[in-house]
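# Fold and contact review
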Amino acid sequence: MKILVANLGSTSLKWRLFDCSNNAERLLHKGGFERVTDYPKAIEDCLAALKAAGVITNESELAAVGFKTVIAKDVTGCVRLDERVLSAMAAYNGLAPAHNPPYITGIKLFAQRMPTVPLIGLFETAFYQFAPEAMTRYAVPAAWHAAGIRRWSFHGASHKFVAERSAELLGRHDVAERVRRLYLDGGKSSLNGAAPLRVISCHLGGSSSITGILNGAAIGSSMGMSPQSGLPQNNRVGDLDAEAIPYAVKTLGITIEEAQRQLSKEAGLKGLSGLSNDMREIAEAAAKGDAGAKLALDHFVSSARHWIGAFFLELNGADAIVFTAGIGENQADIRAAICANLEGLGIKLDLAKNAATRATETVISTPDSAVKILVVPTNEELVVARETKRLLEHSAH
Ligand code: AMP
C-alpha cells in the first residue's frame, strides 16, 4: 500500500512516499520544491519525480494522499477531505492564516488531478480531542468560545508519535496499542486495570510545545488557540498577556496588523536575543557571553520547565519525559538545563549519556531516576501515513 504524504505551503510542496504494506513501513521517496508559483505544475512534477525514481508507474497505484492539515471548524481526527471538510477548514482560515488557505487550494488541485485517489487529512488538533474540557477552555464569554477561541493545541502528529513510541520503549505495549486505536475507537479502549502511563512530551524546535499524555492520550498542551502561544518560538511570541496587543497599538502607535506581524516575525527567540531565531546560533553566542542570547536561552529553558511542571502536577508525576524535534533531539546542553536540579522530583539526568546523544532513541536518565528521560526522534509524516492507512482499512470494513 503506497501512501503519499504531501506537505503544502503557500509556495512550497514537499512529499514523502511510504510503502505501508502489511507491517512494513518503508520510506520509498522524498522530495520537494520551494518557491512554487505554479501549483498544478508542481503536483505534475512531483508525480513525474516519483515515476522517474521508479517508485510508482502510475498515480493510480497511490492508495491515498495524506495531508497534515491544521485546523477546521467542528472537524478533527483523521478524515476524508471532502467538500464538507474543506469548507470547515475555510471557516477557520482566520485561526491558521499561513496554513489553511494553501492546504485548501492544494487539496483541491490534488482532487482535480487524481479524482479517484482518496485524499485524507490528519488534523494537528486531533491528538487533543479527548483532553478534559477544563484544560481546553479559556475563561472567555460563551460567544468567544463558540467562535473558536479555545485551546486547540498543535503538533498533534509529533506528540502522537512520541506517545506510541515512548510506550513501546517503556515496555507498555498495551498503551502503544491504545495510541494506535485512538482515532478509531475514540480513546475508549481500556487498559484493563494496568497502571497508568504518564508521559510529558517536549517537542522543542523552531516551533515548540509540551504536551501531557495519560495512557497514550493528550490531557493538554502548552499551545493554545494558535501556535503563537506557550513556549517562545523561533520568531513568534509565546504566551502573552491579552492586554499587551491593545496596549502596544496605543503606546507604540502601530496598527493591529503591524503588531501581529511583529509578534509573528520579530518576536520569540529572535526578539529576545536580538540576534537569531536559530537555537544553535543562540546557544553558541550565549556560550561566548552574549547577554541577549543568554536571556533568550534562559527564557526558553524556564518556559519549558514551567510547562513540564504543570503536567507533572496534573499527571500526579511522570513515568517519562521525552525530548524530540530539532532542539530536543540535538541540543544536549538545553536538555541538561531543563532537567537541572530536579532530583527532588525523581528526575535525574545521566550527564554523560545526555551529552553523547544526538537524534537517536536513547534513555538519558540515570538507572535510579524514578522518571525516565528519553530522546525520541519524531516522524510526523509517518504518523500521517499510518493514520491514513488505518482510516482506509477501517472504512473498508
Ligand atoms: P525543527 O523545527 O524541529 O526543525 O528545529 C529547528 C531548531 O532546532 C532550530 O532552532 C535549530 O537551531 C535547532 N537545532 C539544533 N541542532 C539541530 C540539528 N542538528 N539539526 C536541526 N536543527 C537543530
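Read on for a plain summary of the structure. Bear in mind the structure is a predicted one, so any value in this text is a computation, not a measurement.

This part is about the pattern of salt bridges. Across all of its chains, the model carries 31 salt bridges by this definition. Here R26 ties to D19 by a salt bridge, and the two come within 3.8 Å at their closest N and O atoms. Note that E266 is salt-bridged to K270, the shortest N-O span being 3.5 Å. Given a relative accessible area of 38%, E266 falls into the partly exposed group.

This part takes up the nonpolar core. If you look at the biggest cluster of nonpolar residues, it comprises 37 residues, and the most contacted ones within it are L122, F127, Y183 and V322. When residues of this core are traced back to their parent elements, those giving at least two are β1 (2–8), β6 (119–122), α6 (156–169), α7 (173–185), β9 (217–221), β10 (320–324) and α16 (380–396). In terms of residue count, the dominant contributor to this core is α16 (six residues). With residues near it in sequence (within four places) discarded, L122 still touches F67, K68, T69, G77, C78, A157, Y183, V383, V384 and E387. Counting residues in hydrophobic clusters, the runner-up holds 36 residues, among them L231, M279, L342 and I364.

The strand order β3-β2-β1-β4-β6-β5 describes an open sheet built from six strands, whose pairing is mixed. Looking along the sheet, the strands with just one partner apiece sit at the ends: β3 (26–33) and β5 (78–80). Strand-to-strand twist across the sheet, computed as the mean angle between neighbouring axes with direction ignored, equals 25°.

Further remarks concern the pairing of strand β7 (residues 198–203). In terms of burial, β7 is a largely internal element, six of the six residues being buried. Pairing analysis gives six bridges linking β7 to strand β8 (residues 209–214), with the strands arranged antiparallel. Bridge pairing in β8 places I200 opposite G212. Connecting the antiparallel pair β7 and β8 is a turn made up of five residues. Pairing of β7 with β10, which is carried by five bridges, proceeds in the parallel orientation. Within the sheet, the bridge partner assigned to I200 lies in β10 and is I321.

Turning next to the environment of K270. Along the chain, K270 falls in helix α10 (residues 268–273). The class of K270 is partly exposed, set by a relative accessible area of 29%. With 210 residues separating them in the primary sequence, K270 and S60 have C-alpha atoms 45 Å apart. Residues contacting K270, with those up to four places away along its chain left out, are N234, N235, K265, L275, S276 and N277.

A word on the site of the ligand. Around the ligand lies a shell formed by G205, G206, D278, M279, R280, A325, G326, I327, N330, Q331 and R358. Side-chain polar atom of D278 to an oxygen atom of the ligand: 2.5 Å apart, as the coordinates give it. Expressed as a share of its isolated accessible area of 490 Å², the protein-covered part of the ligand is 68%. Taken together, the elements giving at least two residues each to the shell around the ligand come down to α11 (279–287) and α13 (325–330).

An order of β9-β8-β7-β10-β12-β11 is seen for the six strands of this open sheet, with the pairing classed as mixed. The open sheet has two free edges, formed respectively by β9 and β11 (362–363), since each of these has just one partner strand.

On to α6. In this model, α6 (14 residues) spans 20 Å end to end at C-alpha, consistent with the 20 Å of a helix rising 1.5 Å per residue. Among the 14 residues of α6, eleven are classified as buried, and the element is accordingly described as predominantly covered. If you check which residues of α6 are buried, you get G156, A157, S158, H159, K160, F161, V162, A163, E164, S166 and A167. Immediately downstream of α6, the backbone of G171 shows phi near 75°, a positive value.

Take the environment of A63 next. By secondary structure assignment, the location of A63 is in strand β4 (residues 62–67). Separated by 272 residues in the primary sequence, A63 and R335 place their C-alpha atoms 40 Å from one another.

As a further point, take the packing of helix α12 (residues 291–314) against helix α14 (residues 332–339). Across the interface, α12 lies against α14 with an axial gap of 9 Å and an inter-helix angle of 50°. For the element pair α12 / α14, the angle class is oblique. The handedness of the crossing between α12 and α14 comes out as right-handed. On α14, the residues touching L297, F300, V301, A304, R305 and I308 of α12 are I334, A337, I338 and C339. Residue composition of the contact of α12 with α14, by class: nine nonpolar, no polar and one charged.

What follows concerns the packing of aromatic side chains. The geometry of an aromatic ring pair is captured by the separation of the ring centres together with the interplanar angle, meaning the angle of the planes. Here the structure, examined in full by the defined rule, presents six aromatic pairs. Taken together, a centroid distance of 5.4 Å and an interplanar angle of 80° make the contact between F67 and F110 edge-to-face. A residue pair is termed long-range when its members are at least 10 positions apart, and F67 in strand β4 and F110 in helix α3 (residues 100–113) qualify at 43 residues. Of the two residues examined, F67 and F110, each falls in the buried class. Three or more aromatic residues joined by ring pairs form one cluster here, namely F67, Y103 and F110. For the cation-ring pair, R150 lies above W152, with the distance from its terminal atom to the ring centre recorded as 4.0 Å. Over the ring of Y183 we find K160; its NZ or CZ atom is 4.8 Å from the centre of that ring.

Cut-offs applied
Residues numbered from 1 in each chain as written. Predicted model: local features only at pLDDT ≥ 70, side-chain atom pairs only at ≥ 80, totals over all residues. Heavy atoms only, no water. Salt bridge = Lys/Arg side-chain N within 4 Å of Asp/Glu carboxyl O. Buried < 20%, exposed > 50% of the residue type's maximum accessible area, 1.4 Å probe, protein only. Core = buried A, V, L, I, M, F, W, Y, C linked by side-chain atoms within 4.5 Å. Helix = DSSP H or I, 4+ residues; strand = E, 2+ residues; numbered from the N terminus. Contact = heavy atoms within 4.5 Å. Pairing = 2+ DSSP bridges. Axes fitted to C-alpha atoms, helices over the stretch in contact; angles between N-to-C directions. Near = heavy atom within 4 Å. Polar contact = N/O pair within 3.5 Å; in protein donor to acceptor, adjacent residues only side chain to side chain. Areas by Shrake-Rupley, 256 points an atom, 1.4 Å probe, with all protein chains shown as cover. Expected span 1.5 Å × (residues − 1). Parallel < 35°, antiparallel > 145°, perpendicular 65-115°, else oblique. Left-handed = near helix turned anticlockwise from the far one by under 90°. Nonpolar A, V, L, I, M, F, W, Y, C, P; charged D, E, K, R; others polar. Phe/Tyr/Trp six-rings, centres within 6.5 Å; stacked < 30°, edge-to-face > 60°. Lys NZ or Arg CZ within 6 Å of the ring centre and 35° of its normal.

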